[in-house]
Amino acid sequence: MAITWANILEWQTGPLDEIAQTLFEASQGLREAYEMGQDDLNAIQSEGEAVTAMRATTITNLASLERALTNVNGALMAIEGARDGVGHILAQVNDVVADATTMQCEIKADGSVHPMASAPKTDLVLIDASALAIRVKKIVEYADRVDTDLYHALADINNDRYTDGD
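Residues numbered from 1 in each chain as written. Predicted model: local features only at pLDDT ≥ 70, side-chain atom pairs only at ≥ 80, totals over all residues. Heavy atoms only, no water.

### Observations regarding the pattern of salt bridges
Point 1. Under the counting rule described, the total for this entry stands at six salt bridges.
Point 2. R83 serves as the salt-bridge partner of D17, at 3.3 Å between the closest nitrogen and oxygen. With a gap of 66 residues between them, D17 in helix α2 (residues 14–43) and R83 in helix α3 (residues 49–102) connect regions that are remote in the sequence.
Point 3. We note a salt bridge from E47 to R55, for which the minimum N-O separation is 4.0 Å.
Point 4. Since its relative accessible area comes to 65%, E47 is described here as exposed.
Point 5. One network of salt bridges, in which partners are shared, links D17, R83 and D84. (Salt bridge = Lys/Arg side-chain N within 4 Å of Asp/Glu carboxyl O. Helix = DSSP H or I, 4+ residues; strand = E, 2+ residues; numbered from the N terminus. Buried < 20%, exposed > 50% of the residue type's maximum accessible area, 1.4 Å probe, protein only.)

### Regarding the nonpolar core
Point 1. Counting residues in each nonpolar core, the largest one holds 32 residues, and the members touching the most others are W5, I8, I89, C105 and I139.
Point 2. Looking at this core, the elements with two or more residues in it are α1 (5–9), α2, α3 and α4 (123–158).
Point 3. Here this core takes 12 residues from α3, the largest share from any one element.
Point 4. Aside from chain neighbours lying at most four places away, what touches I89 is I8, W11, I139, Y142, A143 and V146. (Core = buried A, V, L, I, M, F, W, Y, C linked by side-chain atoms within 4.5 Å. Contact = heavy atoms within 4.5 Å.)

Given below as C-alpha coordinates:
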(Lines give C-alpha, C1' and ligand atoms only; values in the text may rest on other atoms or scores of the structure.)
Protein backbone atom coordinates (compact mmCIF):
# COMPACT_ATOMS: atom_id res chain seq x y z
CA MET A 1 0.00 0.00 0.00
CA ALA A 2 1.37 3.37 -0.95
CA ILE A 3 1.45 6.02 1.72
CA THR A 4 -0.89 8.96 1.16
CA TRP A 5 -0.99 12.49 2.53
CA ALA A 6 -4.07 11.54 4.55
CA ASN A 7 -2.12 8.65 6.13
CA ILE A 8 0.73 10.93 7.09
CA LEU A 9 -1.61 13.40 8.77
CA GLU A 10 -2.55 10.61 11.22
CA TRP A 11 1.02 9.59 12.05
CA GLN A 12 2.40 9.98 15.58
CA THR A 13 5.71 9.12 17.18
CA GLY A 14 4.21 8.04 20.54
CA PRO A 15 3.32 4.45 19.57
CA LEU A 16 6.80 3.94 18.12
CA ASP A 17 8.33 5.26 21.37
CA GLU A 18 6.28 2.73 23.34
CA ILE A 19 7.32 -0.13 21.08
CA ALA A 20 10.97 0.93 21.31
CA GLN A 21 10.76 0.96 25.11
CA THR A 22 9.21 -2.52 25.16
CA LEU A 23 11.91 -3.83 22.81
CA PHE A 24 14.64 -2.23 24.92
CA GLU A 25 13.30 -3.94 28.03
CA ALA A 26 13.09 -7.27 26.18
CA SER A 27 16.67 -6.81 25.00
CA GLN A 28 17.85 -6.21 28.54
CA GLY A 29 16.05 -9.36 29.75
CA LEU A 30 17.48 -11.48 26.94
CA ARG A 31 20.98 -10.14 27.58
CA GLU A 32 20.72 -10.96 31.29
CA ALA A 33 19.41 -14.47 30.52
CA TYR A 34 22.27 -15.03 28.04
CA GLU A 35 24.88 -13.88 30.54
CA MET A 36 23.42 -16.09 33.29
CA GLY A 37 23.38 -19.07 30.93
CA GLN A 38 26.97 -18.38 29.89
CA ASP A 39 28.02 -18.18 33.55
CA ASP A 40 26.21 -21.45 34.29
CA LEU A 41 27.85 -23.14 31.31
CA ASN A 42 31.28 -21.97 32.43
CA ALA A 43 30.61 -23.22 35.97
CA ILE A 44 29.97 -26.82 34.91
CA GLN A 45 32.99 -28.83 36.11
CA SER A 46 31.62 -32.39 36.15
CA GLU A 47 31.96 -35.05 33.49
CA GLY A 48 29.64 -37.73 32.20
CA GLU A 49 26.89 -38.30 29.67
CA ALA A 50 24.30 -36.21 31.52
CA VAL A 51 26.75 -33.33 31.90
CA THR A 52 27.66 -33.55 28.20
CA ALA A 53 23.96 -33.48 27.29
CA MET A 54 23.42 -30.55 29.65
CA ARG A 55 26.30 -28.63 28.01
CA ALA A 56 24.92 -29.31 24.52
CA THR A 57 21.43 -28.22 25.55
CA THR A 58 22.76 -25.08 27.21
CA ILE A 59 24.85 -24.22 24.14
CA THR A 60 21.78 -24.68 21.91
CA ASN A 61 19.69 -22.53 24.23
CA LEU A 62 22.37 -19.84 24.33
CA ALA A 63 22.46 -19.80 20.53
CA SER A 64 18.67 -19.35 20.51
CA LEU A 65 18.93 -16.54 23.04
CA GLU A 66 21.64 -14.90 20.94
CA ARG A 67 19.45 -15.06 17.80
CA ALA A 68 16.50 -13.66 19.74
CA LEU A 69 18.67 -10.86 21.12
CA THR A 70 19.96 -10.05 17.63
CA ASN A 71 16.40 -9.95 16.28
CA VAL A 72 15.07 -7.83 19.15
CA ASN A 73 17.97 -5.40 18.82
CA GLY A 74 17.42 -5.26 15.06
CA ALA A 75 13.74 -4.51 15.59
CA LEU A 76 14.66 -1.86 18.15
CA MET A 77 17.02 -0.15 15.69
CA ALA A 78 14.41 -0.34 12.92
CA ILE A 79 11.68 1.10 15.15
CA GLU A 80 13.96 3.88 16.40
CA GLY A 81 14.90 4.70 12.81
CA ALA A 82 11.23 4.82 11.84
CA ARG A 83 10.43 6.97 14.88
CA ASP A 84 13.14 9.44 13.86
CA GLY A 85 11.86 9.42 10.29
CA VAL A 86 8.26 9.98 11.41
CA GLY A 87 9.37 12.84 13.66
CA HIS A 88 11.20 14.46 10.74
CA ILE A 89 8.20 13.96 8.48
CA LEU A 90 5.81 15.48 11.02
CA ALA A 91 8.06 18.54 11.33
CA GLN A 92 8.03 18.91 7.53
CA VAL A 93 4.23 18.50 7.49
CA ASN A 94 3.83 21.24 10.09
CA ASP A 95 6.08 23.54 8.07
CA VAL A 96 4.30 22.97 4.76
CA VAL A 97 0.84 23.32 6.34
CA ALA A 98 1.88 26.61 7.98
CA ASP A 99 3.36 27.84 4.69
CA ALA A 100 0.20 26.84 2.84
CA THR A 101 -1.89 29.00 5.15
CA THR A 102 0.48 31.92 4.71
CA MET A 103 0.44 31.48 0.93
CA GLN A 104 -3.37 31.29 0.86
CA CYS A 105 -3.36 27.68 -0.28
CA GLU A 106 -4.94 24.52 1.07
CA ILE A 107 -3.67 20.97 0.97
CA LYS A 108 -6.37 18.40 0.27
CA ALA A 109 -6.41 14.91 1.82
CA ASP A 110 -5.05 13.46 -1.43
CA GLY A 111 -2.03 15.78 -1.22
CA SER A 112 -3.09 18.11 -3.98
CA VAL A 113 -2.60 21.82 -3.35
CA HIS A 114 -5.03 24.51 -4.46
CA PRO A 115 -5.44 28.22 -3.85
CA MET A 116 -8.02 28.91 -1.13
CA ALA A 117 -11.41 30.01 -2.45
CA SER A 118 -10.83 33.42 -0.86
CA ALA A 119 -7.33 33.81 -2.36
CA PRO A 120 -6.78 36.27 -5.19
CA LYS A 121 -6.34 34.52 -8.52
CA THR A 122 -2.81 35.79 -9.14
CA ASP A 123 0.17 34.11 -10.73
CA LEU A 124 2.00 34.30 -7.40
CA VAL A 125 -0.67 32.22 -5.63
CA LEU A 126 -0.59 29.64 -8.43
CA ILE A 127 3.22 29.50 -8.30
CA ASP A 128 3.07 29.10 -4.51
CA ALA A 129 0.53 26.28 -4.88
CA SER A 130 2.78 24.53 -7.37
CA ALA A 131 5.83 24.87 -5.09
CA LEU A 132 3.85 23.55 -2.14
CA ALA A 133 2.63 20.60 -4.22
CA ILE A 134 6.24 19.67 -4.94
CA ARG A 135 7.07 19.81 -1.22
CA VAL A 136 4.05 17.67 -0.36
CA LYS A 137 5.07 15.13 -2.98
CA LYS A 138 8.59 14.94 -1.53
CA ILE A 139 7.21 14.45 1.98
CA VAL A 140 4.98 11.62 0.76
CA GLU A 141 7.92 10.00 -1.06
CA TYR A 142 10.08 10.24 2.06
CA ALA A 143 7.27 8.82 4.21
CA ASP A 144 6.93 5.92 1.78
CA ARG A 145 10.68 5.26 2.09
CA VAL A 146 10.48 5.27 5.91
CA ASP A 147 7.53 2.88 5.79
CA THR A 148 9.23 0.60 3.24
CA ASP A 149 12.50 0.53 5.17
CA LEU A 150 10.69 -0.47 8.36
CA TYR A 151 8.70 -3.12 6.48
CA HIS A 152 11.86 -4.69 5.02
CA ALA A 153 13.72 -4.63 8.35
CA LEU A 154 10.84 -6.32 10.15
CA ALA A 155 10.32 -8.80 7.30
CA ASP A 156 13.99 -9.79 7.51
CA ILE A 157 13.58 -10.38 11.24
CA ASN A 158 10.36 -12.35 10.77
CA ASN A 159 12.06 -14.52 8.15
CA ASP A 160 15.18 -14.88 10.30
CA ARG A 161 17.31 -13.14 7.66
CA TYR A 162 18.38 -10.24 9.89
CA THR A 163 22.01 -10.08 10.95
CA ASP A 164 23.74 -7.55 13.15
CA GLY A 165 26.59 -7.29 10.68
CA ASP A 166 28.56 -10.29 11.97
